[in-house]
There are 8 protein chains.
Amino acid sequence: MSTFKYNRLDKDNAAALLVDHQTGLFSLVRDFGAADFKNNVLALASTVKFFGLPTILTTSFEQGPNGPIMPELKEKFPDAPYIPRPGQINAWDNEDFVKAVAQTGRKQLIIAGIVTDVCVAFCALSAIEAGYDVFVVTDASGTFDETCRYAAWERMSRAGIQLVNWFSVACELHRDWRNDVTGLGNLLAGYIPDYKNLMTSYAVKQ
Amino acid sequence: MSTFKYNRLDKDNAAALLVDHQTGLFSLVRDFGAADFKNNVLALASTVKFFGLPTILTTSFEQGPNGPIMPELKEKFPDAPYIPRPGQINAWDNEDFVKAVAQTGRKQLIIAGIVTDVCVAFCALSAIEAGYDVFVVTDASGTFDETCRYAAWERMSRAGIQLVNWFSVACELHRDWRNDVTGLGNLLAGYIPDYKNLMTSYAVKQ
Amino acid sequence: MSTFKYNRLDKDNAAALLVDHQTGLFSLVRDFGAADFKNNVLALASTVKFFGLPTILTTSFEQGPNGPIMPELKEKFPDAPYIPRPGQINAWDNEDFVKAVAQTGRKQLIIAGIVTDVCVAFCALSAIEAGYDVFVVTDASGTFDETCRYAAWERMSRAGIQLVNWFSVACELHRDWRNDVTGLGNLLAGYIPDYKNLMTSYAVKQ
Amino acid sequence: MSTFKYNRLDKDNAAALLVDHQTGLFSLVRDFGAADFKNNVLALASTVKFFGLPTILTTSFEQGPNGPIMPELKEKFPDAPYIPRPGQINAWDNEDFVKAVAQTGRKQLIIAGIVTDVCVAFCALSAIEAGYDVFVVTDASGTFDETCRYAAWERMSRAGIQLVNWFSVACELHRDWRNDVTGLGNLLAGYIPDYKNLMTSYAVKQ
Amino acid sequence: MSTFKYNRLDKDNAAALLVDHQTGLFSLVRDFGAADFKNNVLALASTVKFFGLPTILTTSFEQGPNGPIMPELKEKFPDAPYIPRPGQINAWDNEDFVKAVAQTGRKQLIIAGIVTDVCVAFCALSAIEAGYDVFVVTDASGTFDETCRYAAWERMSRAGIQLVNWFSVACELHRDWRNDVTGLGNLLAGYIPDYKNLMTSYAVKQ
Amino acid sequence: MSTFKYNRLDKDNAAALLVDHQTGLFSLVRDFGAADFKNNVLALASTVKFFGLPTILTTSFEQGPNGPIMPELKEKFPDAPYIPRPGQINAWDNEDFVKAVAQTGRKQLIIAGIVTDVCVAFCALSAIEAGYDVFVVTDASGTFDETCRYAAWERMSRAGIQLVNWFSVACELHRDWRNDVTGLGNLLAGYIPDYKNLMTSYAVKQ
Amino acid sequence: MSTFKYNRLDKDNAAALLVDHQTGLFSLVRDFGAADFKNNVLALASTVKFFGLPTILTTSFEQGPNGPIMPELKEKFPDAPYIPRPGQINAWDNEDFVKAVAQTGRKQLIIAGIVTDVCVAFCALSAIEAGYDVFVVTDASGTFDETCRYAAWERMSRAGIQLVNWFSVACELHRDWRNDVTGLGNLLAGYIPDYKNLMTSYAVKQ
Amino acid sequence: MSTFKYNRLDKDNAAALLVDHQTGLFSLVRDFGAADFKNNVLALASTVKFFGLPTILTTSFEQGPNGPIMPELKEKFPDAPYIPRPGQINAWDNEDFVKAVAQTGRKQLIIAGIVTDVCVAFCALSAIEAGYDVFVVTDASGTFDETCRYAAWERMSRAGIQLVNWFSVACELHRDWRNDVTGLGNLLAGYIPDYKNLMTSYAVKQ
């Protein structure tokens, strides 16, 4: 018999780390279409906000070519810890960041960022080594091409990191539609056009 | 020497026809990712509205499985002629529609819809036969797969219909950035994430 | 002004030619998935039967490796002219076939078959030379790969042949849903799973 | 030497769980062509029925936008336990469902559904944690795109879940053609056009 | 009514030009898999030999990096005119080549080579200007990638050049299986594995 | 430090199992182009013959639609054990086959066949359970599509089976070019057109 | 007989127009990989410089988000006419640009730029209307995706514009290797890695 | 809690092995575009040079068809140990090579080469067995196609080898931008056009 233990996301035990979603770095992302990727990033942000998860933003060299954080993220989390790193590529090498993570008191970390193979992978690998349960959001993390993406996924998955898409995050946190039917419905409708269409078609028949 | 005459879009001579962008039919569209396609449709709608083009909406069997028009379109053009067709598949077979087109007084028709090979192609082929200059918006029109798409493009292009994407429509109508730098910039930023990023990066350096 | 004349399918003037849809030749078709392609072929067959179009079946060397005609086609058109060609690759080189076409009294020919670049293209090019209006059904015709497909399309389109998919054929023949709402709905539901889903979802809300 | 133990499907020890194959949710599936996916789902359903496996159907919010279960499934298993979940996203969070699974008395669970990364993955991860041997049917489970699919596969495979396609399920259950040559032949012919073609070509030569 | 004239290949009026199929240049071809492309080139060579068409070989700078002609071609046509061009990129700029073409007395030219956009396109465009009927063999001509391929096809097709694959060439020249059933069967079986399989399966049943 | 032990192919300890490469089943293979796949199968066959590995052929239902073994394989191994299975889908369920494998006295099994997810995977999983070291040849094994392929790879790889392509097999068995430069060169040239080209270009300069 | 006239590039009659290859706009280009596209642009620039063609550079809003011209282009053509357009999207709407073109005294215009469907297409369509022979360089022009690219190609090709890749431009201008073997060899080696490899392998054998 | 230990690249403990990047073998690489692959190889070479890592070059049969090492590599590491192997396919079978690796005194080996599944995989599997920590650079290693690539990745990853792309190598070695902002910036700008563009756009605004 398997000894597998299903470690599932728990809204009382999870925090979100959004790493280097900056307007310059965004132009490096070519493993997703630009509209798709932006939609995914905002969907994840809205998801973690909907569940009230502690969320930490961090950036790398905002003053330089990497550019500022996507303004939509800053606006969505005006009071979140915000750690502009002075130089560390791996956010986990930044003490303030590690402290901010610890202060959330959460053991499950949901991580996404740009680029998958560096800012996401390095941080995720350090976090799991530090004893956290790590969930990397595959479709809110982008990189140069699919070759880079799949190698990074493999490296992380072998380390015990769970690969999830934003929709899985939303559903695994929510558990039961009855916790807030309207809330989850609106969240999904906002970022999944097909779901919005189903809701519109349905409503008209009522 | 070529005798080619460049018939370019003119904001004083163009009208837009949005055909059957309905929430049920939308689920048939699989030659674009859903988020991409919705983005393109709204981008085209915002473009023709930005230039104040006469715009006509039409739908097929809204009460049945095809579903209602995408609500974003209805909201964007609350006063536009709206022709729910009682049964005609080709909108041009509907007299009210043809009349509404004629009443715009425009000779250039910008057409997009669902699906490319039927509701778009039939209407476009009839319109060019009727003497209009026809521009089909390739990325705001969707269909079952790329095989259907490319055959429909070929059929239309051979008939003299011009194939354009929504960004070309916006730029060909605008002609010169100086006509409204901020307006065009905002339009592009709203639907092209890469352009929004360039603007954000640029602004921060000012 | 364009001098384009929209030559559209007319159920009183069209006939269908199904060329070499044989079980051996089917294994050569690799530009479509096998389930998709079979679905398309049967959809076209059901479409032309729904509209009662004169239909002609022809095969090449049924006794040899090419195999017998797909049994579903034979069953659907038990009384249709059936021309097993003794050797001619181009069906138009077979007098009985040309005569059978003439006897339909129709001017518009809807052609599909295996493979696109040979049995379909040769027959279609001969038919348009002979003065017929020719419509090749792109997704009910298959060949070795997309390179072969697109070259054959180009050759045919330059000759004035119209490229259409089976769904366009159905809609262009039907013209108006009111001619038979249930009939067309059932036809589409039978071969387009997404449309069937829309109808099922819709029905349950009634 | 490897200590690997080949846990293979056994028709006396397996049960099937069909999760949320609903007509609304189906429109979210875009990692397969629609005709292919429907064919795969029905093939799996026919397979588990052919072997007489205990089968459980469950749905999520049938009354809302998710839509009713695909009618073909309901018809094929009129007497199977049918668990419409009032809100739980993970079917394993529903006591009736878990009980129904236990009552089959089977240890091997064959799971498929919509979408792969949520309704399938959550249920499968819970089931393996509960001590079952879990087989997820990759091609009868669908989701938004290939990125979502492969991440979900990885998450499940790491947990010890076996990934199988419907054809593997059929063959691993059947073991030996001699158990029922005609039965298996007809099953395969019904859903694999290439196999049907081989059978037709073969029959004609007899 | 269309005025289209179907100009089809005629074995008594066609000649073949094989342009720059050299072992060095072959490494530039990346729009086909290497095994596929080699198979296509040899298939075309065997086809034109089967029909006894006058065939001309030409190469560019064999002594340098471009490398020698593929040895299989030289062996297949030991007595064909062989024009190693001292420098002209367009074979039609070489008088000996143009003369050799004229001496065939044929009006239809079947052209293939490496790379599609240069050695093939230039020669084909010159040949049609010179009054020949030109057929370019799409799958026995290779280039850097699909972008280069499709632009070259478009340039040639607009000029009136017909795009055909080698299988179309074989079938259009043969006209009727009865002219030599065994010969054509063997030709196809040699280069189309699926056809060889059909023949083997068929033979065993006899 | 890793405890990994590199278990590499050894020509004195390896045997080859070619499973169900039959002319009917070949038409089911659509995850490779047909010419590519046939080239790979023959390349593997020539490789194991070149190294004189004990080789076993087995087939499933040769008399029925599955068709006879590819004749090239039968001709290449006229004296190899040949096990036509009367019904067992998993060759390891056939006692004669298991005995024949044991009689080779080899511990390393190189397995390829049609289809990857059934005839190959079932046999490979049984073989590793039985204590053999198993190497599945990825590109000489084919199946319905890439979705089926990758799920089967994952299932086998998790079980400890090594995934190798035929070129790896050849090189890992050969170890050192000096063991037979000409022999290996000819083997590679026969199935890798790019390598043949390199050799031809090189030879001409000597 | 065809009346086609092969209008080929002539180094004494051609000029090059490089339109809006700016560092900001470059991030919009996603129909090519970034390294490939940059390689192509520099290859075209080196080609037209090698042949000494009159070359004109133009940019759109260099001071804003579009960014400055790629510095490699400015360095390569320090003395070329340089037209920073104050607002016109279509360069042909800028009188200085049209005058600069006229002053080259050339009739053949080689045009490339960003993006294909706007800055390239608009300028090219105006130029052919003005009586120039227009050649658009397909692989040194980029846009949002392949859908946008192919629609723009179709629009331009129908207008009589020739679609060529940079390698065709180089070869059509050069005509005969003997005009400068070393020069052309170095040009190709600089931008085609496969050709550089052929030259290196060849040189070592001398 | 996971017991995962993040073994990350350390510039004081890493060495680089560049295996068989030869001009003949390069033509076998078709899982990357040629310009992309060359760019990646040079990027990795520049990266390991930038960090002053001990680097070893090795080749297989330089005098034969495999061709000489890419000259850019030889020039970049004129004083590096250079091991032309007389015949061993696996570099680890060559004593001089193993000794040279040992003499670096490093425990972390960064390996790239041609082809991924043979020269890279064999060497990497031997190195990890010998007790080294092994990092294979996925995008500076090439092979015949993606099928070969992914099977080789899987074989290596299962053995505990980490899969990284060159950009990850650069960033993991660098750790902190402040160690050398200009140096790293120039390294990235040299091989990532999008990053160069960001830097150029940024500089102009200063």
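Looking at an unreviewed UniProt entry, one finds chain A named Hydrolase, with Brasilonema octagenarum UFV-OR1 as its source organism.

Asker: Go over the relation of the copies chain H and chain G, please, and point to the residues and values.
Answerer: For the pair chain H and chain G, the best superposition has an RMSD of 0.0 Å and corresponds to a rotation of 180° with a translation of 0.0 Å parallel to the axis. The symmetry that links the two subunits is that of a two-fold axis. When C-alpha distances to the rotation axis are compared across chain H, the minimum falls at D36 of chain H, with a value of 3.1 Å. Here 100% of the contact residues of chain H are again contact residues in chain G; the copies associate through an equivalent surface.

Asker: Tell me about the arrangement of the chains, and please be specific about residues and values.
Answerer: In this structure chain B stays clear of chain E, and the shortest span between their C-alpha atoms is 12 Å. Kept free of each other, chain D and chain H leave a smallest C-alpha distance of 12 Å between them.

Asker: Residue-level account of the pattern of salt bridges, with values.
Answerer: Scanning the entire structure with this criterion turns up 96 salt bridges over all chains. D176 of chain B is the salt-bridge partner of R178 of chain B, the closest N and O atoms lying 2.6 Å from each other. Classification of R178 of chain B as partly exposed rests on a relative accessible area of 46%. Note on D176 of chain B: relative accessible area 12%, which makes it buried. With its nearest N and O atoms 2.8 Å apart, the salt bridge here joins E72 of chain F to K196 of chain E. With E72 of chain F in helix α2 (residues 71-76) and K196 of chain E in helix α8 (residues 193-205), the pair connects residues from two separate chains. Judged by its relative accessible area of 18%, E72 of chain F falls in the buried class. One network of salt bridges, in which partners are shared, links E154 and R158 of chain A, E154 and R158 of chain D, E154 and R158 of chain F together with E154 and R158 of chain H.

Asker: Which residues make up the interface of chain G and chain B, and what values do they have?
Answerer: Taken together, the 36 residues of chain G in the interface contact 38 residues of chain B. Here chain G is connected to chain B by five salt bridges. Of the charged contacts, one joins R158 of chain G and E154 of chain B as a salt bridge, the two residues approaching to 3.9 Å between their closest N and O atoms. On inspection of chain G and its partner chain B, the count reaches 15 residue pairs in polar contact (both at pLDDT 80 or more). Secondary-structure elements contributing two or more residues to the side of chain G that touches chain B are α4 (116-129) and α5 (146-158) of chain G.

Asker: I'd like a rundown of the packing of helix α1 (residues 34-50) of chain A against helix α1 (residues 34-50) of chain B, residues and numbers included.
Answerer: Running from N to C, α1 of chain A and α1 of chain B cross one another at 105°; their axes reach a closest spacing of 8 Å. Classified by the interaxial angle, the pair formed by α1 of chain A and α1 of chain B is roughly perpendicular. Between α1 of chain A and α1 of chain B, the residues in contact are A35, D36 and N39 of chain A and A35, D36 and N39 of chain B, respectively. Along the lines of polarity and charge, the residues of the contact of α1 of chain A with α1 of chain B split into two nonpolar, two polar and two charged.

Asker: Any chance you could break down the interface of chain H and chain G for me, citing the residues and the numbers?
Answerer: Contacts between the two partners involve 21 residues from chain H, matched on the other side by 21 residues from chain G. For the chain H and chain G pair, buried surface summed over both sides reaches about 1800 Å², with 59% attributable to carbon and sulfur atoms. Counting the contacts that link chain H with chain G gives two salt bridges. Scanning the region where chain H abuts chain G turns up four residue pairs in polar contact (both at pLDDT 80 or more). For the side of chain H that touches chain G, the secondary structure elements donating two or more residues are α1 (34-50), α2 (71-76) and α8 (193-205) of chain H. Counting residues per element, the side of chain H that touches chain G draws most heavily on α8 of chain H, at eight residues. The class makeup of the residues in the side of chain H that touches chain G is seven nonpolar, eight polar and six charged.

Asker: Which residues make up the domain arrangement of chain A, and what are the values?
Answerer: All names here are of chain A. Each assigned domain of chain A is listed here: domain 1 (14-175) and domain 2 (177-206). Just the C-alpha atoms count here: the centres of domain 1 and domain 2 sit 27 Å apart. Of the roughly 940 Å² buried between domain 1 and domain 2, counting both surfaces, carbon and sulfur atoms make up 71%. The largest contributions to the domain 1 side of the interface with domain 2 come from F50, W166 and H174, which together make up 52% of the buried area.

Conventions used here
- Residues numbered from 1 in each chain as written.
- Chains lettered and ligands numbered in written order.
- Predicted model: local features only at pLDDT ≥ 70, side-chain atom pairs only at ≥ 80, totals over all residues.
- Heavy atoms only, no water.
- Least-squares fit on C-alpha atoms with pLDDT ≥ 70 in both.
- Contact = heavy atoms within 4.5 Å.
- Salt bridge = Lys/Arg side-chain N within 4 Å of Asp/Glu carboxyl O.
- Buried < 20%, exposed > 50% of the residue type's maximum accessible area, 1.4 Å probe, protein only.
- Helix = DSSP H or I, 4+ residues; strand = E, 2+ residues; numbered from the N terminus.
- Polar contact = N/O pair within 3.5 Å; in protein donor to acceptor, adjacent residues only side chain to side chain.
- Axes fitted to C-alpha atoms, helices over the stretch in contact; angles between N-to-C directions.
- Parallel < 35°, antiparallel > 145°, perpendicular 65-115°, else oblique.
- Nonpolar A, V, L, I, M, F, W, Y, C, P; charged D, E, K, R; others polar.
- Buried area = accessible area lost by both parts, 1.4 Å probe.
- Domains from an automatic or database assignment.

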